[in-house]
Amino acid sequence: NFQKIQRDIESKKRELRSMVGERYRELIDTADTIAEMKSTVRDIRTTLNSIQTSCKMERESSLENEEEHSKKEEFWSIASQMKLLVDTPEKIWNAMENKHFLIAGQLYLLSRHIVTNLHIGTSSTPSHHLTKFPVLTQQWGAISHFKPSILQVVISMLFR
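What comes next concerns the included structure. Every value quoted in this text rests on a predicted model; they were computed, and no experiment measured them. Along every chain, residues carry numbers that run from 1 in the direction the sequence is written. Reporting of local features is limited, given that this is a predicted model, to residues whose pLDDT is at least 70; pairs of side-chain atoms are given and counted only at 80 or more, and all residues count toward the totals for whole chains, interfaces and linings. Only hydrogens and water are removed before side-chain values are computed, so all heavy atoms of the structure are retained for them.

## What about the packing of helix H4 (residues 134-144) against helix H5 (residues 146-158)?
Part 1 of the reasoning: Two elements in contact, H4 and H5, have axes whose closest approach is 5 Å; the angle formed by their N-to-C orientations is 20 degrees. Looking at the two axes, H4 sits roughly parallel to H5. Contact residues: Ala142, Ile143 and Ser144 in H4; Phe146, Lys147 and Pro148 in H5.
Part 2 of the reasoning: Classification used: nonpolar for Ala, Val, Leu, Ile, Met, Phe, Trp, Tyr, Cys and Pro, charged for Asp, Glu, Lys and Arg, polar for all others including Gly. Its residues placed into classes, the contact of H4 with H5 shows four nonpolar, one polar and one charged. Lines fitted to C-alpha atoms define the axes, with helix axes restricted to the stretch in contact, and inter-axis angles between N-to-C directions lie between 0 and 180 degrees. Secondary structure elements follow DSSP: runs of H or I of four or more residues count as helices, runs of E of two or more count as strands, with numbering from the N terminus. Each angle receives one of four descriptions, namely roughly parallel if under 35 degrees, roughly antiparallel if over 145, roughly perpendicular if within 65 to 115, and oblique otherwise. Pairs of residues are marked as contacts when any of their non-hydrogen atoms sit within 4.5 Å.

Shown next, in the form of structure tokens:
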């Protein structure tokens with residue numbers, strides 16, 4: 001009986017050593033996994049910081065491009081309005097000759113609107129387009145003299 005107990009004790013010792021050995025290996029594996037996770041988290045943080053920096057640079061670049069695009073858009077808007085003002089006197093004259101007085105009046109009003117817009121501008125500060133481009137003032141001078149002529153012809157047609 002004593003030998004049986006002795007064998008059981010030895011068997012239990014071996015089981016205990018085996019269990020402790022397994023647990024120790026699991027503990028070491030867990031520590032290795034934690035170390036790998038720490039390294040992975042560090043890599044992810046580095047990548048996220050890199051992405052954040054790239055996004056910030058892209059946003060700044062985009063804002064610069066937007067400003068440049070806005071300036072170009074404003075330039076082309078002014079240029080097209082100037083072209084309209086340059087072409088309008090001839091168009092009003094042709095409309096008057098062809099007895100299209102409504103069109104002549106509309107062209108006059110469109111020109112007045114353009115000149116007002118260029119004079120006032122679209123922002124809270126007054127625009128200086130008329131001082132930068134003296135041709136605009138000259139064109140308005142050429143267009144503005146049509147108002148009395150258009151009014152006179154239209155009034156005379158109404159009282160016929």
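## So, the nonpolar core
Part 1 of the reasoning: In this structure, Leu85, Ile92, Met96, Ala104, Leu118 and Ile150 are the most contacted members of the largest nonpolar core, which totals 17 residues.
Part 2 of the reasoning: Elements with a contribution of two residues or more to this core: helix H1 (2-97), helix H2 (101-120), H4 and H5.
Part 3 of the reasoning: At seven residues, the largest contribution of residues to this core is made by H2.
Part 4 of the reasoning: Dropping the residues within four chain positions of it, Met96 is found in contact with Phe101, Ala104, Ser149, Ile150 and Val153. Buried residues of nine kinds, namely Ala, Val, Leu, Ile, Met, Phe, Trp, Tyr and Cys, make up a nonpolar core once their side-chain atoms join them within 4.5 Å. Relative accessibility thresholds used throughout: buried, under 20% of the residue-type maximum; exposed, over 50%; partly exposed, between the two (1.4 Å probe, protein chains only).

## Things to note about the environment of Ala95
Part 1 of the reasoning: Relative to the helices and strands, Ala95 resides in helix H1.
Part 2 of the reasoning: Under the relative-accessibility criterion, Ala95 is labelled buried at 6%.
Part 3 of the reasoning: Expressed as a C-alpha distance, the spacing of Ala95 and Ser156, which sit 61 residues apart in the sequence, is 17 Å.
Part 4 of the reasoning: Those residues in contact with Ala95 that sit more than four places away from it in its chain are His100, Phe101, Ile103 and Ala104.

## Re the pattern of salt bridges
It is possible for side chains bearing opposite charge to pair when their charged atoms get close.
Part 1 of the reasoning: Only one rule defines a salt bridge in this text: a Lys or Arg side-chain nitrogen within 4 Å of an Asp or Glu carboxyl oxygen. Scanning the entire structure with this criterion turns up three salt bridges.
Part 2 of the reasoning: For Lys72, the salt bridge is made with Glu68, and the minimal N-O distance between the two is 3.5 Å. Placement of the pair is Lys72 and Glu68 together in helix H1, with a separation of four residues, close to one helical turn.
Part 3 of the reasoning: Residue Lys72 is classed as partly exposed on the basis of its relative accessible area of 47%.
Part 4 of the reasoning: A salt bridge links Asp87 to Lys83, with the nearest nitrogen and oxygen atoms 2.8 Å apart. You can see Asp87 and its partner Lys83 sitting in helix H1, four residues apart, about one turn around the helix.
Part 5 of the reasoning: Lys83 sits in the partly exposed class, given a relative accessible area of 48%.

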